[in-house]
There are 2 protein chains.
Amino acid sequence: MTLGQTRTAAIPTIKRLPLYLRSLRDLQVQGEAFASSAALAKELMLDPIVVRKDLAITGVVGTPRRGFPVDALILAIMEFLGWSNTTDAFLCGVGSLGRALLGYEGFQLYGLRIVAAFDANPDKIGTKEHGVKIFDVRKMPTMIERMHIQLGILTVPADAAQSAANTMIAAGIRGIWNFTPVKLEVPDTVVIQRVDLASSLAVLSHRLAAQAAGCPLSPG
Amino acid sequence: MTLGQTRTAAIPTIKRLPLYLRSLRDLQVQGEAFASSAALAKELMLDPIVVRKDLAITGVVGTPRRGFPVDALILAIMEFLGWSNTTDAFLCGVGSLGRALLGYEGFQLYGLRIVAAFDANPDKIGTKEHGVKIFDVRKMPTMIERMHIQLGILTVPADAAQSAANTMIAAGIRGIWNFTPVKLEVPDTVVIQRVDLASSLAVLSHRLAAQAAGCPLSPG
DNA sequence: TAGATTGTTAATCGATTAACAATC
DNA sequence: TAGATTGTTAATCGATTAACAATC
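The sections below set out a description of the structure shown in this document. (Residues numbered from 1 in each chain as written. Chains lettered and ligands numbered in written order. Predicted model: local features only at pLDDT ≥ 70, side-chain atom pairs only at ≥ 80, totals over all residues. Heavy atoms only, no water.)

Concerning the sheet that holds strand β5 (residues 128–129) of chain A
Residue and element names in this part refer to chain A.
Then comes step 1: The strand order across the open sheet built from seven strands is β5-β6-β4-β3-β7-β8-β9, with neighbouring strands paired in mixed fashion. The sheet is open, and its two borders are formed by β5 and β9 (191–194), each paired with just one other strand.
Then comes step 2: Relative to strand β7 (residues 151–154), strand β3 (residues 87–92) runs parallel, the two sharing four bridges. In the sheet register, Phe90 faces β7, and the bridge partner there is Gly152. (Pairing = 2+ DSSP bridges. Helix = DSSP H or I, 4+ residues; strand = E, 2+ residues; numbered from the N terminus.)

Some words on the packing of helix α1 (residues 11–29) of chain A against helix α2 (residues 37–44) of chain A
Residues and elements named next belong to chain A.
Then comes step 1: One can describe the packing of α1 onto α2 by two numbers: an axis separation of 10 Å at closest approach and a directional angle of 110 degrees. When the axis of α1 is compared with that of α2, the two are roughly perpendicular. The interaxial crossing formed by α1 with α2 has right-handed handedness. Seen from α1, the contacting residues are Leu19, Tyr20, Ser23, Leu24, Asp26 and Leu27; seen from α2, they are Leu40, Glu43 and Leu44.
Then comes step 2: Considered class by class, the residues forming the contact of α1 with α2 number six nonpolar, one polar and two charged. (Axes fitted to C-alpha atoms, helices over the stretch in contact; angles between N-to-C directions. Parallel < 35°, antiparallel > 145°, perpendicular 65-115°, else oblique. Left-handed = near helix turned anticlockwise from the far one by under 90°. Contact = heavy atoms within 4.5 Å. Nonpolar A, V, L, I, M, F, W, Y, C, P; charged D, E, K, R; others polar.)

Concerning the packing of α1(A) against helix α8 (residues 197–212) of chain B
Then comes step 1: Remark: α1(A) packs on α8(B), axes separated minimally by 8 Å, with the N-to-C direction vectors making an angle of 125 degrees. In this view, α1(A) runs oblique relative to α8(B), as classed from their interaxial angle. Note that α1(A) runs across α8(B); the crossing there is right-handed. On α8(B), the residues touching A:Ile11, A:Ile14, A:Lys15 and A:Pro18 of α1(A) are B:Ala198, B:Ser199, B:Ala202, B:Val203 and B:His206.

Details of helix α2 (residues 37–44) of chain B
Residues and elements named next belong to chain B.
Then comes step 1: The set of residues buried in α2 consists of Ser37, Leu40, Ala41 and Leu44. Each buried residue of α2 sits inside an arc of 100 degrees when the element is viewed along its axis, so together they form one side.
Then comes step 2: Its buried side turned inward, α2 meets α1 (11–29), β1 (34–35), α3 (48–56) and β2 (68–69).
Then comes step 3: Positive backbone phi, approximately 55 degrees, marks Met45, located one or two places after α2. (Buried < 20%, exposed > 50% of the residue type's maximum accessible area, 1.4 Å probe, protein only. Arc of directions from axis to C-beta.)

Considerations on the packing of aromatic side chains
Then comes step 1: In the structure shown here, the tally under the stated rule is 14 aromatic pairs over all chains.
Then comes step 2: With a centroid separation of 4.7 Å and 85 degrees between ring planes, the pair formed by A:Tyr104 and A:Phe107 is classed as edge-to-face.
Then comes step 3: Pairing B:Phe118 with B:Phe135 gives two aromatic rings, centres 5.7 Å apart and planes at 35 degrees, and the pair type is tilted. With a gap of 17 residues between them, B:Phe118 in strand β4 (residues 112–119) and B:Phe135 in strand β6 (residues 132–136) connect regions that are remote in the sequence. An identical accessibility class is assigned to B:Phe118 and B:Phe135; each is buried. (Phe/Tyr/Trp six-rings, centres within 6.5 Å; stacked < 30°, edge-to-face > 60°.)

Some details on the relation of the copies chain B and chain A
Then comes step 1: Placing chain B over chain A gives an RMSD of 0.0 Å and needs a rotation angle of 180 degrees, together with 0.0 Å of translation along the axis. The symmetry that links the two subunits is that of a two-fold axis. Among all C-alpha atoms of chain B, that of B:Ala100 lies closest to the rotation axis, at 3.1 Å.
Then comes step 2: A shared binding surface is used by both copies, with 100% of the interface residues of chain B retained as interface residues in chain A. (Least-squares fit on C-alpha atoms with pLDDT ≥ 70 in both.)

Comments concerning the protein's contact with DNA strand D
Then comes step 1: Surveying the vicinity of DNA strand D reveals 19 residues, the closest of which are B:Ser37, B:Arg52, B:Val61, B:Gly62 and B:Arg65.
Then comes step 2: Near-protein atoms of DNA strand D (within 4 Å) split between backbone and bases, with sugar and phosphate holding 53%.
Then comes step 3: B:Ser37 is positioned such that a nitrogen or oxygen atom in its side chain is 2.5 Å from a phosphate oxygen of DNA strand D.
Then comes step 4: One nitrogen or oxygen atom from the side chain of B:Arg65 is found 3.2 Å from a sugar or linking oxygen belonging to DNA strand D.
Then comes step 5: Listing elements by their share of the surface near DNA strand D, those giving two or more residues are α1 and α3 (48–56) of chain A together with α3 of chain B.
Then comes step 6: Per-element accounting of the surface near DNA strand D gives the leading share, three residues, to α3(A).
Then comes step 7: Counted by class, the surface near DNA strand D contains eight nonpolar, five polar and six charged residues. (Near = heavy atom within 4 Å. Polar contact = N/O pair within 3.5 Å; in protein donor to acceptor, adjacent residues only side chain to side chain.)

Laid out in C-alpha cells, this is it:
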C-alpha cells in the first residue's frame, strides 16, 4: 500500500536516523564521499546490519566495496524526517527549561526554528530571550492562526500543561513537543511527543543498580 | 538465577515505572488507598495487562476487586528504581541547559540531588545557580573522590563532552546522564544514559509527516 | 578476477496482547 | 454467592540478528 511519499518505518529506526545524520555530517566535513555500514556501525556502536536496514528506508542505495554516498544520504535522511524545509514553532512557557531550549542553537540542524515564545508573567512579556521575543500567552491563539504555526513546544509548569495544549490545539497546532510530565489528552489528529526525563533517569538508575549487583547489562 | 535484590526487567517496563509513580502519587493525594490496573491504564492510555505485568516486577501483589495498594506500590517502585535513598550528583557544564536542570525542582521526587556544579568559565566559578554552587571544573576530580559521587550530569558543549566524561570516570563516577549529542566511549563498567532531543524530534517530525499523508499512527 | 560490501530473505528473540484460571 | 479483578500461561506481533546471494 502506497501512502504518498511517506513510508512507514519502525520507531527505533526513526530514532537512530539523527545519529546517522550526525556521523555523516562529521564524515562530510572530513571530506569523505562514502561511508560503509561497518564504519557507521563502529562509530555508533551498532550492528552493520541494523545500519543497512535503517538506511534502506531513505531509498539511497549503497555500492559494494564503497558504501553509501555521504552527501546523498544526508539529504535523504533530512528529507525523510521533514527537516529539509524549516518548520516554524512556538514555545510556550519561558521558565528555565524554556529558556534553555530558546538558547539551543542546534535546532537549526533539525530544521526547527522557534519564532516566538509565550508566557503569562508580565515581567517577561515584551522582553527577548536568546533573540526570541516573548509575547503574552493570550496572544498565542491568534498568532498561531495568523502565522499558520503547526508545531508547539510546551515548557509550562505541569498544572498549566493541559490548558496550554488545549489552547494550542484549538488554534490549529498539529503537533506538540511536550516537555512537561503530563500525559496530555488530545484529539487523535494531533501528534504529541513527550520528552520524559523521569523515564530516562529510571533506566539509568536501574542500570546502575544492576551494575552494582554485579550483572552488567547491555547498553539500552 | 537470583542476582541479589535486582531482578532484570524489560527497558520499556522501567521507562513506564515513573509514569505509574506519578499517577499513584496523585491518587495518594486524593486519599485513594487502592488503584486498579484498569484505572491506572485509563489514566496513562495503556492496556491493563501491561500495567499488571509491569507492576509485577515490584513484588507488590494486588487484591481482586480492589486493585493495588497505593502506598505500598509507591514505596516499592521507588525502592526498585533506587530512588528511596537520595543520590548525590555533580553537574558539569553550566550553560543554558545546565542551568535549567539546576533549576528543576522535580528531581527530588526521583531521589536525585545535584550537590555541586562545575564550569570552566571564570565568570561563573564561585557563583551560585538555583542555590547550587559552581566550582572550577579542575576541582571536579578531587571533589568526586572526596565526596564519593557516583553520578555525573553532563551538559557541556559537544566538543568538550568526551574529555569531561573521561575526567569524571577517572575520578570514580559510575554513571553519566549525558545531555550532549555525543556518543561517549567509556569502559563497560560505567553506565551511560543519553537524553537525545534529536531522536525525540525525529519521531515527532515523522509522525507529523505521516499524519499529513493521511495515515494516522498509533501513539509511540 | 577476487574480495569486500550491499540488500534481502529467513530465523531468532523479546515485548505485547490474548485467554483464562485463581481469588477476594 | 456472584462478579470483578488479579496473575499467569500461551499466542501474536514486531524488531533484531543471522545467512547468503548479488554486485561492484
